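Letter by letter, the chains look like this.
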Amino acid sequence: MKVEKVVAKETTYVAVLTLLLSVLMQAVFLFMHKWDYTVLLGNLWGGAISVLNFFCMGLFVQKAVLKEPEEAKKIIKLSQTLRTFILFVLVAVGVLLPCFSAIAVILPLFFSRIGIFVKAFQLKAKEAAHRNET
């Protein structure tokens, strides 16, 4: 399957934002004197899971838009079920293995949502500015 440009672009956006928020998270752990290698490893694990989950969602949506509405709905539902199961397993591994900080594994899972919220806010602000110009 060929990855559409929009999927690659949005995944890159989420990956960059995840990286920036991960650096911020590392700084907070360092500032609180709670940083050790498990925080870094947990952050890498959780961040990779988050970006991979977003990318997989994009691929499933890319596939679904080419289908009839009923089949598209089934594809999206299957996507959500599979991604949730895989997410659960990978997060459980990250939380249970002592080489990962559990908090550092879990927090990056929210970074993509923050990115989506920020992007939506930017689009609304841009649209409002455009309306005010006309």
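Notes on the structure follow.

Rules behind the numbers
Residues numbered from 1 in each chain as written. Predicted model: local features only at pLDDT ≥ 70, side-chain atom pairs only at ≥ 80, totals over all residues. Heavy atoms only, no water. Helix = DSSP H or I, 4+ residues; strand = E, 2+ residues; numbered from the N terminus. Core = buried A, V, L, I, M, F, W, Y, C linked by side-chain atoms within 4.5 Å. Buried < 20%, exposed > 50% of the residue type's maximum accessible area, 1.4 Å probe, protein only. Contact = heavy atoms within 4.5 Å. Salt bridge = Lys/Arg side-chain N within 4 Å of Asp/Glu carboxyl O. Patch = residues over 30% accessible without salt bridge, like charges linked within 9 Å, V, L, I, M, F, W, Y side chains within 5 Å. Areas by Shrake-Rupley, 256 points an atom, 1.4 Å probe, with all protein chains shown as cover. Phe/Tyr/Trp six-rings, centres within 6.5 Å; stacked < 30°, edge-to-face > 60°. Lys NZ or Arg CZ within 6 Å of the ring centre and 35° of its normal.

Residues other than glycine seldom take positive phi values, yet His33 does so here, at roughly 60°. Tracing the backbone through its elements, the reader meets His33 in the loop between helix 1 (5-31) and helix 2 (37-64).

Below, the discussion takes up the nonpolar core. In globular proteins that are soluble, nonpolar side chains generally tend to be buried together. Leu17, Leu21, Met25, Phe29, Val39, Ala104 and Phe111 form the largest nonpolar core, which has seven residues in total. Counting residues per element, this core draws most heavily on helix 1, which supplies four residues. Ignoring anything within four residues of it in the chain, the contact list for Leu17 reads Phe111, Ile114 and Gly115.

Side-chain pairing between opposite charges can occur once the charged atoms of the two side chains come close. Inspection of every chain in the model, using the stated rule, returns one salt bridge. Salt-bridge contacts for Lys119 lead to Glu10; the nearest nitrogen and oxygen are separated by 3.0 Å. Residue Lys119 is found in helix 5 (residues 111-133), and its partner Glu10 is found in helix 1; the two are separated by 109 residues along the sequence.

Moving on to the environment of Thr84. Structurally, Thr84 can be placed in helix 3 (residues 69-96). Judged by its relative accessible area of 47%, Thr84 is partly exposed. Taking the C-alpha atoms as reference points, Thr84 and Asn53, separated by 31 residues in sequence, lie 8.8 Å from one another.

As a further point, take the environment of Phe60. Position of Phe60 among the secondary structure elements: in helix 2. The spacing of Phe60 and Ala129 is 69 residues in sequence and 33 Å in space, taken between C-alpha atoms. Residues contacting Phe60, with those up to four places away along its chain left out, are Ile75, Ile76, Ser79 and Leu82.

A contiguous nonpolar surface patch, about 740 Å² in accessible area, is contributed by Leu78, Leu82, Phe85, Ile86, Phe88, Val89, Val93 and Leu97. By the secondary structure assignment, Val93 is in helix 3.

Moving on, we get to the packing of aromatic side chains. If you walk through the whole model with that rule in mind, you get one aromatic pair. The positively charged end of Lys119 is found above the aromatic ring belonging to Tyr13, 4.5 Å away from the centroid.

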